[in-house]
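Chain residues, written in single-letter form:
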Amino acid sequence: DQQVKQNSPSLSVQEGRISILNCDYTNSMFDYFLWYKKYPAEGPTFLISISSIKDKNEDGRFTVFLNKSAKHLSLHIVPSQPGDSAVYFCAEGGADGLTFGKGTHLIIQP
Amino acid sequence: GAGVSQSPRYKVAKRGQDVALRCDPISGHVSLFWYQQALGQGPEFLTYFQNEAQLDKSGLPSDRFFAERPEGSVSTLKIQRTQQEDSAVYLCASSPSDIYGYTFGSGTRLTVV
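Overview of the structure. (Residues numbered from 1 in each chain as written. Chains lettered and ligands numbered in written order. Predicted model: local features only at pLDDT ≥ 70, side-chain atom pairs only at ≥ 80, totals over all residues. Heavy atoms only, no water.)

Re the packing of aromatic side chains
Working step 1: For the coordinates displayed, the defined rule picks out 13 aromatic pairs over all chains.
Working step 2: Here Phe100(A) and Tyr35(B) contribute two aromatic rings whose centre-to-centre distance is 5.6 Å and whose plane-to-plane angle is 85°, an arrangement assigned as edge-to-face. Separated into two different chains, Phe100(A) in strand S10 (residues 97–100) and Tyr35(B) in strand S4 (residues 31–37) make up a pair that spans both. The same class applies to Phe100(A) and to Tyr35(B), which are both buried.
Working step 3: An aromatic cluster of at least three residues, connected via ring pairs, comprises Tyr36(A), Phe46(A), Phe89(A), Phe100(A), Phe33(B), Tyr35(B), Phe45(B), Tyr48(B), Tyr102(B) and Phe104(B). (Phe/Tyr/Trp six-rings, centres within 6.5 Å; stacked < 30°, edge-to-face > 60°. Helix = DSSP H or I, 4+ residues; strand = E, 2+ residues; numbered from the N terminus. Buried < 20%, exposed > 50% of the residue type's maximum accessible area, 1.4 Å probe, protein only.)

Given below as structure tokens:
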């Protein structure tokens, strides 16, 4: 059974609008939740993270929200830009390894 | 270099052949991880080193998979008697033992024919 679930394989958003990517998890043990961004033929790159003791973390256009009671994580990108088109992975874990979701392919349309 | 370097970028192996995948982590990074990413899936944890010590190999799918990091820097992932289900991108990541410090390489795409 998947510990980290991203139920939307793809998401299409118009440029300038808000992109909302969702993630559900089952294991409450981990201290950190992270979002990674991946372009084709490249490795994942770290985007933003949140500690389990917080419910929101913001970095420029990117905000991550954590709802611990619902075991739900979301990434908001506003405004969305063409360069945001990529696959986004939600991950949970610690310094000894991460568990990833299957990813959501975000497509920003002009 | 400044990043994690993996070689080869692409590898085609005949079923039954042995392969060796190399990872050069960022200099000074204590932790090194191998992940396997199948098509349409997220990266899945294979194994973890802290310096030369392999602390967790619970993700290795079978005893055909073997990883080493003898001097605490470069690591090699070896797959013996490759099978078609081994086809995937193998990602290496290193970290200074900091949750925020994971840096991934571009991966090796292995295709077993």
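Observations concerning the sheet that holds strand S3 (residues 19–24) of chain B
Note on sheets: strands pair through backbone hydrogen bonds, and any given pair is parallel or antiparallel.
All names here are of chain B.
Working step 1: Taking strand neighbours across the sheet as the criterion, the 4 strands line up as S1-S3-S8-S7 in an open arrangement whose pairing is antiparallel. Lying at the two open borders of the sheet, with one neighbouring strand each, are strand S1 (5–7) and strand S7 (65–68). On average, each strand axis in the sheet is inclined to that of its neighbour by 15°, with strand direction left out of account.
Working step 2: Across 3 bridges, S1 lies against S3 in antiparallel orientation. The residue bridging Ser-7 from the neighbouring strand is Arg-22, located in S3. (Pairing = 2+ DSSP bridges. Axes fitted to C-alpha atoms, helices over the stretch in contact; angles between N-to-C directions.)

What to know about the nonpolar core
Working step 1: If you look at the biggest cluster of nonpolar residues, it comprises 21 residues, and the most contacted ones within it are Trp35(A), Leu73(A), Leu75(A) and Tyr88(A).
Working step 2: Elements with a contribution of two residues or more to this core: strand S3 (19–25), strand S4 (32–38), strand S5 (45–51), strand S7 (62–67), strand S8 (72–77), strand S9 (86–94) and strand S11 (104–109) of chain A.
Working step 3: Beyond its immediate sequence surroundings of up to four residues, Leu73(A) is in contact with Leu21(A), Asn22(A), Cys23(A), Phe33(A), Trp35(A), Ile50(A), Val64(A), Phe65(A), Leu66(A) and Cys90(A).
Working step 4: In terms of nonpolar packing, the next biggest core, distinct from the first, is built from 20 residues, Phe49(B), Leu77(B), Ile79(B) and Ala88(B) among them. (Core = buried A, V, L, I, M, F, W, Y, C linked by side-chain atoms within 4.5 Å. Contact = heavy atoms within 4.5 Å.)

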